[in-house]
Amino acid sequence: MDNQKIFVTRSSMPPYEEYIEAIKPLWDSHWITNMGQYHQELEQKLKDYLDVQQISLMVNGHMALELTIQAMGFPKGAEVITTPFTFISTTHAIVRNHLKPVFCDVKPSDGTIDETKLEGLITERTVAVVPVHVYGNVCNVEEIERIADKYNLKVIYDAAHAFGVTYKGKGIGSYGDASVFSFHATKVFNTIEGGAAVFSGQWLYDKLYNLKNFGIRNEELVSEVGANAKMNEFCAIMGLCNLIHVGEAIGHRKALAREYEERLKDVHGIRMFEKKTDAESNYGYFPILVEEEYPLSRDGLYERMKKKGIYVRKYFYPLTADQRCFENRFERTKLDCARELAEKVLVLPLYESLSIQEIKRSTEIIEG
Ligand code: T4K
């Protein structure tokens, strides 16, 4: 038991019979993709759950972000201010749209974009900001909105980690011009692979419909050039089944996160991110920061845990700005805090079926 491998996460899955029962009708209809009945049902249910006006389901979170940025119609080469302390998808979505990422530093308190440094990066070529609610930590949405309004910039949140997060009693997806969620297998809520863009205007719904469905409006009309990024019915049904249990799953994660906090709060040299008091987390990730006072380096602790079968992760090291694919491509802005966090962060295992005993196994190694 004590040498069983523990990974950073483990996909939440509904009871087997529940899913099998739910997919049975597909063998009658043979309608398994292209905005079918379950796709529509999931859109309706998620609109309520996420407390948003419009939703467009996608094949994954990355395509939701890439196509939402594309939908805005920014001119080629325009600048988009974003954070490098994120999964590579955020930066790829900007670059694949022929836009230039301008990297802004993050805050040491929670790893989100440092809004006090935004204005200094705005030029006449800036068209948008793509902040990330990293680990579900809520960005300073009010200040970002104030700056965006002042300079007439669009705000598209990468909310891949923030499913079910609320801020000041509102769904996190209701902030900004649009937000994008990931429903990947490793997320709090999954549709196996999947994602969605959420927003308020009908025009964006229609635009994204075109972009995810080849621009096809009817059998004889293709109105614009589009990709294929539709969610299929097996994935939509997985989402419908998982949605029934997600509230309970988040509650369970919360209890486990509290257990970690309690066990780690007095460990010298281990720091945890701050949470906004008016935000309700989804407990999707449990990141810790290994500070200088800790007897081991971050990498030292990572190796020690791995040797004992606990596969923690360095989300997000290296910074996306430092990845080989971007070498010598974009200006090197000062990213001191982001770099420091990337050198210190370790994400501990946290998932619905994790046991207190397994948490103890991890924290005992950290306690040394
Ligand atoms: N923006 C942000 C900020 C993101 O974090 C992400 C995705 C995106 C955008 C893009 O959304 P998607 O297009 O992916 O929907 C994982 C995920 O693949 C990725 O979705 C996620 N972020 C990223 C943070 O983590 P890896 O390369 O670390 O995954 P992997 O395969 O090493 O899996 C991690 C652990 O999860 C495994 O050790 C075990 C567990 N696992 C994994 C899979 C694949 C399961 O339990 N079941 C599974 O099916 O990227």
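Residue positions within a chain follow its written sequence, with the count starting from 1. Only residues with pLDDT of at least 70 get local features here, since the model is predicted, and only at 80 or more are side-chain atom pairs given and counted; chain-wide, interface and lining totals rely on the full set of residues. Only hydrogens and water are set aside; all other atoms, that is, all heavy atoms of the structure, feed into the side-chain values.

**Student:** What am I meant to see in the site of the ligand here?
**Tutor:** Proximity criterion: a residue is near a molecule or strand once any of its heavy atoms comes within 4 Å of it. What surrounds the ligand is a group of 25 residues, the closest being Asp-158, His-161, Ser-182, Arg-313 and Tyr-315. His-161 places a polar side-chain atom, nitrogen or oxygen, 2.7 Å from an oxygen atom of the ligand. Pairs of N or O atoms are called polar contacts if they sit within 3.5 Å, as long as, within protein, a hydrogen donor faces a hydrogen acceptor (for residues adjacent in sequence, only side-chain-to-side-chain pairs). Contact between the ligand and Arg-313: an oxygen atom at 2.8 Å from a side-chain N or O atom of the residue. The accessible surface values rely on the Shrake-Rupley method and a 1.4 Å probe; as for residues, cover is taken only from the protein chains in view. When isolated, the ligand has an accessible area of 920 Å², and the protein chains bury 73% of it. Grouping the amino acids of the shell around the ligand by side-chain chemistry returns eight nonpolar, 13 polar and four charged. Note: domain ranges come from an automatic or database domain assignment. Built from parts of two domains, the shell around the ligand gets at least three residues from each of domain 1 (16-241) and domain 2 (246-367). Any residue outside Ala, Val, Leu, Ile, Met, Phe, Trp, Tyr, Cys, Pro, Asp, Glu, Lys and Arg is labelled polar, Gly included; the first ten of those are nonpolar and the last four are charged.

**Student:** So what exactly am I meant to see when it comes to helix 6 (residues 141-151) here?
**Tutor:** Residues three or four positions apart in an α-helix share a direction because the helix packs 3.6 residues into each turn. Under the scheme applied here, a residue whose accessible area is under 20% of the maximum for its type counts as buried, over 50% as exposed, and between as partly exposed, the area being computed with a 1.4 Å probe on protein chains only. Helix numbering and strand numbering both begin at the N terminus, where a helix is a DSSP run of H or I of at least 4 residues and a strand a DSSP run of E of at least 2. Here helix 6 has its buried residues at Val-141, Ile-144, Ile-147 and Ala-148. Projected down its long axis, helix 6 shows its buried positions confined to an angular sector of 130 degrees, all on one face. More than 90 degrees from the buried face of helix 6, the exposed residues found are Asp-149 and Lys-150. By definition, residues are in contact when any of their heavy atoms lie within 4.5 Å. In the core, the buried residues of helix 6 are packed alongside strand 6 (154-158) and strand 7 (166-167). Among the residues trailing helix 6, Asn-152 stands out with phi positive, at a value near 60 degrees. Here the arc refers to the directions that run from the helix axis out to each C-beta atom.

**Student:** Just checking my understanding: could you explain the environment of Gly-61 for this structure?
**Tutor:** Structurally, Gly-61 is set in helix 4 (residues 61-71). On the basis of relative accessibility, which here comes to 12%, the residue Gly-61 falls in the buried class. Note: C-alpha distance between Gly-61 and Tyr-283 (222 residues apart in sequence) is 19 Å.

**Student:** Please clarify how the sheet that holds strand 8 (residues 170-171) should be interpreted in this entry.
**Tutor:** Note on pairing: DSSP must find at least two bridges between two strands before they are called paired. Taken in spatial order, the three strands make up an open sheet running 8-7-14, and their pairing is antiparallel. In this open sheet, the two edge strands, each paired with only one partner strand, are strand 8 and strand 14 (279-280). Bridging between strand 7 and strand 8 involves two bridges; their strand directions are antiparallel. Along strand 8, the bridge assignment pairs Thr-166 with Gly-171.

**Student:** Is there a simple way to think about the packing of helix 1 (residues 16-23) against helix 8 (residues 233-264) in this case?
**Tutor:** Relative orientation and spacing of two packed helices are given, respectively, by the angle between their axes and the distance between those axes. In this description, a line fitted to the C-alpha atoms serves as the axis of each element, helices being fitted only across the stretch in contact, and the angle between N-to-C directions of two axes falls anywhere from 0 to 180 degrees. Packing of helix 1 against helix 8 leaves a shortest axis separation of 10 Å and a crossing angle of 135 degrees. By the criterion of interaxial angle, the relationship of helix 1 to helix 8 is oblique. Handedness of the helix 1/helix 8 crossing: right-handed. When helix 1 is examined against helix 8, the residues Glu-18, Tyr-19, Ala-22 and Ile-23 are found in contact with a partner set consisting of Phe-234, Ile-237, Met-238, Cys-241, Ile-244 and His-245. In what follows, roughly perpendicular refers to angles from 65 to 115 degrees, roughly parallel to angles under 35, roughly antiparallel to angles over 145, and oblique to any angle outside these ranges. Note on convention: near helix rotated counterclockwise from far helix by under a right angle means a left-handed crossing. Clockwise means right-handed.

**Student:** Is there a simple way to think about the nonpolar core in this case?
**Tutor:** If you look at soluble globular proteins, the nonpolar side chains tend to sit buried side by side. Each nonpolar core is a collection of buried residues, namely Ala, Val, Leu, Ile, Met, Phe, Trp, Tyr and Cys, held together in the definition by side-chain atoms within 4.5 Å. Core analysis: the largest hydrophobic core is formed by 75 residues, its most contacted members being Leu-46 and Ile-366. Here Ile-366 is in contact with Leu-264, Val-267, Ile-270, Ile-288, Tyr-294, Leu-301, Met-305 and Leu-348, once residues within four sequence places are set aside. In this structure, Met-58, Met-63, Leu-67 and Val-180 belong to the second largest nonpolar core, which totals 26 residues.

**Student:** So what exactly am I meant to see when it comes to the domain arrangement of the protein here?
**Tutor:** Domain boundaries assigned for the protein yield domain 1 (16-241) and domain 2 (246-367). Computed from C-alpha coordinates alone, the two centres of domain 1 and domain 2 are separated by 24 Å. Taken together, the contact pairs 39 residues of domain 1 with 38 residues of domain 2. By definition, the buried area sums, over both parts, the 1.4 Å-probe accessible area that each loses when the two are put together. At the boundary of domain 1 with domain 2, total buried surface from both sides reaches about 3,200 Å², with 64% on carbon and sulfur atoms. One speaks of a salt bridge when a side-chain nitrogen belonging to Lys or Arg is within 4 Å of a carboxyl oxygen belonging to Asp or Glu. Taken together, domain 1 and domain 2 are joined by zero salt bridges. Where domain 1 meets domain 2, there are 15 residue pairs in polar contact (both at pLDDT 80 or more). Broken down by secondary-structure element, the contributors of at least two residues to the side of domain 1 that touches domain 2 are helix 5 (88-95), strand 4 (100-103) and strand 7. Considering each element in turn, the side of domain 1 that touches domain 2 owes the most residues, four residues, to helix 5. In terms of residue class, the side of domain 1 that touches domain 2 is made up of 22 nonpolar, eleven polar and six charged.

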